[in-house]
Every structure is written in C-alpha cells, then in structure tokens.
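Listed below are the residues making up each chain.
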Amino acid sequence: MRPSGVFDKNYGQDIAIVRTWQHWTVLIFGLILLYAFPFFGSYYLISFVNYLAISVIVALGLQIITGYCGLVSFGQSAFMAVGAYASSILTVRYGISFWVALPLSGVVAGIIGVIGGAPSLRVKGMYLALATIAIHALVIWLIMHLNITGGYKGMFPPSPELGSFAFDTDDRMYYIICTVMVVMTYFARNLVRSSVGRAFIAIRDNDLAAEVMGINLYYHKLLGFFMACFYGGIAGSLWAHLMTVINVEQFTLIHSLEYIGMLIVGGMGSVPGVFFGVIFIRTLNEVVMFTSPFLGQIFSWLGPSPSASLGLSTFGAVLILFLKFEPRGLAHRWEVFKASYRIYPFKIT
Amino acid sequence: MIEFFQLAITGMMIGSLYSLVGASVVLVYKSTHVVSLAHGQLVAFGALAFWIFMAQLNLPFWISLVPALMITGLMGFFIERFALRSMIGESLFSSFLMTFAIFLFLEGFLFLYLMGGSRTLPPFLPKGNFAVAGLFVPVDQLISFGIAIILFIVLGLIFKFSWVGLGMRATAEDHNLAQSAGISVRNIFTSIWILSSMVATVAGIATANVMDIYHSLPYIGITGLIVAICGGLDSIIGALIAGLFLGIVENVSSGYLDPLVGGGVKDVASYTILLLVLLVRPYGLFGLKRIERI
C-alpha cells in the first residue's frame, strides 16, 4: 500500500519492506494487536489463531520451495511430522529443554528434507510431486515402524517451561507461536529478496537459463528443500508441544494436499499470499464445521456428522474454482488493489 | 521356491488391477497430455455404482454393468466439461493440480456415502481355485486378469491403428497444433475422459471383487499413477508390464519382509520402486525419452 507520489531515490528504499511512516504505524499497531489479542479474544479464537499461525509457518516453507523455487512438494506434512517427532524425542527421551529442541527439530527436519529433496535433482514438475508423495509415505511408514517414535501409540511431549512458568494452555502457547511466526515471516520475506531468493525465482522461471547464468542448481534446490523442511520442522515442534499428544494420524497426505491448496488459493510466489490462503482455507473449514450439523439436520440423507466429508468437498470445489477463475490466487487481487490505490483516481486499464 | 511362485502369482493377479488403473491414467495422458489423479475416485465410484445396482437392486451382472459404466462415463464427461475444459492449452502441472482438486472434491462425496463403513460385492464370478504344478490361482481373479489383458489389446489397437487414436496422439503432442490441423481437441478431451472413466470402472469392479469398497480405495489412483510413470506415461504396454511387476514386487516383498519389520511393507514397496525409477529412468521403462532433464 503505497500512495501516489512516493518515489524511491536509492536502492535501499527500493528494496525496503517497510517504506513509509504509514507502513510503520500499521506494522506497530498490528503487532500490538497481535500480542494483546489474548486479553480480549475468546479461548476458541485464541486456539484458532494458534492453528492459523502454525499453518502459516508450514505454508511459508512450502511457499519458499513451491512458490519461489518452483519445486512442488506434496510431502510438507511429513516434514512437519519429522519436526514434531524430533522435538518430542529430544524432550521426552533425552530431557532436552524445549527452547533447544525447537531449533534442533527444524534442523533435523531440514536434513531429512535435503535427503527427501534429492529426486528434485533429476526430475521436476509433476514427477517431483509424485516423488514427494512417495517420500511422504516412506517417512510416515518409518515413523510408524521405528521403536524410538512410539509407533502407532504416538508420543506425549511436555509443555514448554520458562523458569517456573509453564506454557500449558492455548493462550500461553499463543505468545511462543506468534513470536515464532513473526520471526519466520520476517525471515521468509527477507530471504526472497536476497540473492538466494532471486536465484530461486530464476530457477522457477527457467532452470536452464538460471544454470547458464551461473546459479548452482543443485545447491539452490537442496537449500530450498532445507528451508522448506526447516519451516515444517519448526511448525511441527510447535504443534507437538501445543497438542502434547502426537501420532501419525495428524500428518496424513490429505494435510499435505491442504497446504498445496492454501498456496493455490493464496497465490504462488508471494508471502502475503500465504496469509490469505491459510486464513481463507482455515476459516472456510471452520464455517463448514459450524454449519454442517444444521445441514445434517435439514437434509437427513447427509447423515449425522457430515462435517469431514463436506469440508473435503468444499475444499475441492474452492480449488477447482480458483484454478479456473483466479489461477494467480488472492495475492494477485491484492496486487491489483495496491496498484489501483497508487494510481487513484485513475483506473488500471 | 514354491512359496515364491505362489506369492508372485497372487501378486500378478493384483497387479493386473493396478495395470488397469494405470491404463486409464495412460489413456488420458496419451491423448490429452493431462496426468490425472482423479481416476482413483472414478475407480471407487465405478465400483460403488456397480455395488448399488448389483447388491442393492439385485440386478444380474451384465445388467448392472451397463448402468455403472454409464454413470462413470457421465462423471468423466462432467469432470471434463466443467473442470478440465478450461485447462486446454495449459501446462502439464496446472492440469495436474486441477485433477487433484477434483480428487478432493469427489473424496468428500465418497466419505459422505460410505460414512466410515465399507461395502462388499456379492460374488459374481465363479469361485474356486485352479491348480497348476502345486500353485493355486483363484478362478475369479484369473478371469479378471484375462479381461484386463483383452482390454489392453483392444486399447493398444485403437491407439495404433484407428483415426481416432491418431487424433488423440496428435492432441497429446500439442493442443494448438492439433486444433489447427483440424482435430477437435474438445471432442478428443470429452471422448477420452468418458473412455478412461469406463476403463477405471472395470478396474474398480475387478478390485471390489477382491477387496471391500472403503474410504481409502481411491488411493489406488496414486498406485495407478505410479504404474503409469514406471511404465512410461505414454506407453500402454508399459502400464501393463509395470502394473504386473509392481503387483509381484509388492506381494513378494511383503511376504518375505513383513515378518522381519512388523508389517506394512506392501504400502511402501510401490513408492520405493517409484523413487528408484524416477532416479534411474525418469521417463519410465517404456516411455519416450522426452522428459526434460535437468
């Protein structure tokens, strides 16, 4: 949102994320609102925002690899599972503090992600998508069959503690999750305007040309997978300690597909798009969850609890509509809106 | 050794079902350059439609087969008309995402119908075992195996020799060029979706013969996709061989490895093979070497 008449006079201004004093105001008030939210929001809303924030972290990772680097990963929730289990194993079996386990689980997930991203060196596009489905299945299978992960029973990670203060409720975890989300968003926004981010975009747009220009494809693709899975792992760790019970049912293929769907709705290759997509899909799901019992009462053929199936169908229908009518996602609408604000009262032709 | 051959034969029978699902994916790719995830749902819905006519309405086999084929053909028509028609000329990947959206859309309806339960088809093929040299082959599976082979031969001949098949292959090359050469790309899209939905239905009925219709049956579509990629996306004979091979490997590996690792090898065997194929021969065993290499 930049009004007409704001000009960039040097490179620093050109690449600045926060450009005008209005931006600063919105940013500071937004952050205050974010952190003051538990004082007036209901417990349900706080849990919902927690869920949104964790999804945002996962989807940001996916945005880096899929939206910016152009390598589609259908295995993001498996890497989230790796992070969740790594964090649980570190805290439960080795007694390491949550504050150390959180970054470590991200690194573990990132390393697994680099191994899982190896097929990207050979194939891309749809083939890579299938390869990541295979990676997803293998990771989940390993988690179910290793002794250290607790198999089908899952694990029970403890709540984080700081001194004698335990983050054992949703509104207390809210501060950790939101802080991590803000830091990760800032990091992602910075990453994509750095040389690494520009290299990712070059690889996405034309990998052959990027290689000719001197971008190391192997290094950047694996780095992209590391980043994406690092994000997934961090989110998984937060999820594990928020839920305090994890099992493989929370990280199925459908969840991975959901994150891809969020990117489709939000728009590929845009950090604000992640927020739009996550909020849109999660809110839609909540609306379906609330309305489906009433629908079930009105239309008896829907059965007693149609929420899961109606949620899936609505999600699929939304994806079809977006792919058909708005393939560039909500982020594109946002860009159009920003442009029209800048040149107001003229119209975009 | 006899155990190995027994496992292999059983796996081959299952593999013929995978080949059929793979064939429907290959059909769509070969004629429209769209890789479809949605066929897993068509498999499940075909089996379900057949179940409704056969088990609910107590119709005989042949009479319930026709409406089941018609229903899934209609579904294929609608999928094409409302979702994939707008994807003509788009990249391979965006149409793949479209089929994935269709998969989720239909998945919800399948959930809604099954409600966590499962449906079992009444036996409609002759039961019993057929013994050769100490190996047992179930007769009904042998029949569905034979049907699969016949379907494969027919499809292969259509693609190789008929004018329609030629048009379909041309469309797969390039939508624009095919359209300007006088081929109606829209008609090709419609007809191939109807045809492949019917093939998927046959696969679904044959699958429902050996296992229940339950909520994760559509994931056989992913297995079909794996078969199609392993065999080469544009090779019908590749789908047949890869499907049989995959079935054998799954069954043999789970027969020998399950006791060692505690079960579940069957679920990952096909994925492991997929990864190996993608790493070694990304264009599949029988596909054209046209995939973009990096």
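Residues numbered from 1 in each chain as written. Chains lettered and ligands numbered in written order. Predicted model: local features only at pLDDT ≥ 70, side-chain atom pairs only at ≥ 80, totals over all residues.

**Student:** Can you help me understand the overall build of chain B in this one?
**Tutor:** Assigned secondary structure in chain B consists of 11 helices and 2 strands. The order of helices and strands in chain B, counted from the N terminus, is α-α-α-α-β-β-α-α-α-α-α-α-α. For chain B, the C-alpha radius of gyration of 19 Å lies close to 19 Å, the compact-globule estimate for 294 residues. Projected onto the principal axes, the alpha-carbon positions of chain B cover approximately 60 × 50 × 35 Å. For chain B, the proportion of its 294 residues judged to be buried stands at 51%. Counted over contacts in chain B with a minimum sequence separation of 6, partners at least 24 positions apart contribute 76%. (Helix = DSSP H or I, 4+ residues; strand = E, 2+ residues; numbered from the N terminus. Rg over C-alpha atoms; globule rule 2.2 N^0.38 Å. Buried ≥ 20, exposed ≤ 12 C-beta atoms within 10 Å, placed from the backbone. Contact = placed C-beta atoms within 7 Å.)

**Student:** Looking at this structure, how should I read the pairing of strand β2 (residues 135-138) of chain B?
**Tutor:** On a regular strand, one side chain projects to one face of the sheet and the next to the other, so that they alternate. Residues and elements named next belong to chain B. Bridge analysis of strand β1 (residues 129-132) against β2 gives 4 bridges, and the strand direction is antiparallel. Across the sheet, the residue bridging to Ala131 is Phe136, located in β2. Connecting the antiparallel pair β1 and β2 is a turn made up of 2 residues, with Ala133 showing a positive phi of about 50 degrees. (Pairing = 2+ DSSP bridges.)

**Student:** Can you help me understand the environment of B:Ile194 in this one?
**Tutor:** All names here are of chain B. Among the structural elements, Ile194 can be located in helix α8 (residues 185-210). With 19 C-beta atoms counted inside 10 Å, the residue Ile194 sits in the partly exposed group. Distance from Ile194 to Ile220, taken between C-alpha atoms, is 19 Å for residues 26 residues apart in sequence. Residues in contact with Ile194, not counting those within four places in the same chain, are Gly73, Gly76 and Phe77.

**Student:** I'm lost on the interface of chain B and chain A in this one. Help?
**Tutor:** The parts lose accessible area when they come together, and the size of an interface is often stated as this lost area. Listed as interface residues are 35 residues of chain B and, on the opposing side, 38 residues of chain A. Elements with a contribution of two residues or more to the side of chain B that touches chain A: α4 (92-114), α9 (220-231) and α11 (265-280) of chain B. In terms of residue count, α4(B) provides more of the side of chain B that touches chain A than any other element does, 16 residues in total. Its residues assigned to classes, the side of chain B that touches chain A comprises 28 nonpolar, 5 polar and 2 charged. (Nonpolar A, V, L, I, M, F, W, Y, C, P; charged D, E, K, R; others polar.)

**Student:** What's the story with the nonpolar core in this structure? I'm lost.
**Tutor:** Considering soluble globular proteins, one finds that nonpolar side chains tend to be buried as a cluster. Of all hydrophobic cores here, the largest spans 192 residues; its most connected members are A:Ile57, A:Ala81 and B:Leu274. In this structure, B:Leu274 is in contact with A:Leu130, A:Ala134, B:Ile226, B:Ile229 and B:Cys230, ignoring residues within four places of it in sequence. (Core = buried A, V, L, I, M, F, W, Y, C linked by C-beta atoms within 7 Å.)

**Student:** Looking at this structure, how should I read helix α5 (residues 139-161) of chain B?
**Tutor:** Since the α-helix packs 3.6 residues into each turn, any two residues three or four apart lie on the same face. Here α5(B) spans 33 Å end to end across 23 residues, near enough to the 33 Å set by a 1.5 Å rise per residue. Residues of α5(B) that are buried include every one of B:Asp140, B:Gln141, B:Ser144, B:Phe145, B:Ala148, B:Leu151, B:Phe152 and B:Leu155, and no others. (Expected span 1.5 Å × (residues − 1).)

**Student:** Would you explain the packing of helix α3 (residues 61-84) of chain B against α8(B) in this entry?
**Tutor:** Two measures define how a pair of helices packs: the angle their axes make with one another and the distance between the axes. Residues and elements named next belong to chain B. It is at 8 Å that the axes of α3 and α8 come closest, and there the two elements cross at 140 degrees. With respect to their mutual orientation, α3 and α8 come out oblique. Viewed along their axes, α3 and α8 form a crossing whose handedness is right-handed. Seen from α3, the contacting residues are Ala68, Leu69, Thr72, Gly73, Met75, Gly76, Phe77, Ile79, Glu80 and Leu84; seen from α8, they are Phe189, Thr190, Trp193, Ile194, Ser196, Ser197, Met198, Ala200 and Thr201. Its residues assigned to classes, the contact of α3 with α8 shows 11 nonpolar, 7 polar and 1 charged. (Axes fitted to C-alpha atoms, helices over the stretch in contact; angles between N-to-C directions. Parallel < 35°, antiparallel > 145°, perpendicular 65-115°, else oblique. Left-handed = near helix turned anticlockwise from the far one by under 90°.)

**Student:** How do you make sense of the packing of helix α1 (residues 2-32) of chain B against helix α6 (residues 163-173) of chain B when you look at a structure like this?
**Tutor:** Residue and element names in this part refer to chain B. Viewed as axis vectors pointing N to C, α1 and α6 meet at an angle of 75 degrees, and their least axial separation amounts to 5 Å. By the criterion of interaxial angle, the relationship of α1 to α6 is roughly perpendicular. Contact residues: α1 offers Tyr29, Lys30, Ser31 and Thr32, while α6 offers Met168, Arg169, Thr171 and Ala172.

**Student:** I keep staring at unusual backbone geometry and nothing clicks. Help me out?
**Tutor:** All names here are of chain A. Pro345 follows Tyr344 through a cis peptide bond whose omega is 5 degrees. Summarising the element assignment, Pro345 is placed in the segment after α14 (329-342). With phi around 55 degrees, Thr244 is a residue other than glycine that occupies positive phi space. With 14 C-beta atoms counted inside 10 Å, the residue Thr244 sits in the partly exposed group.

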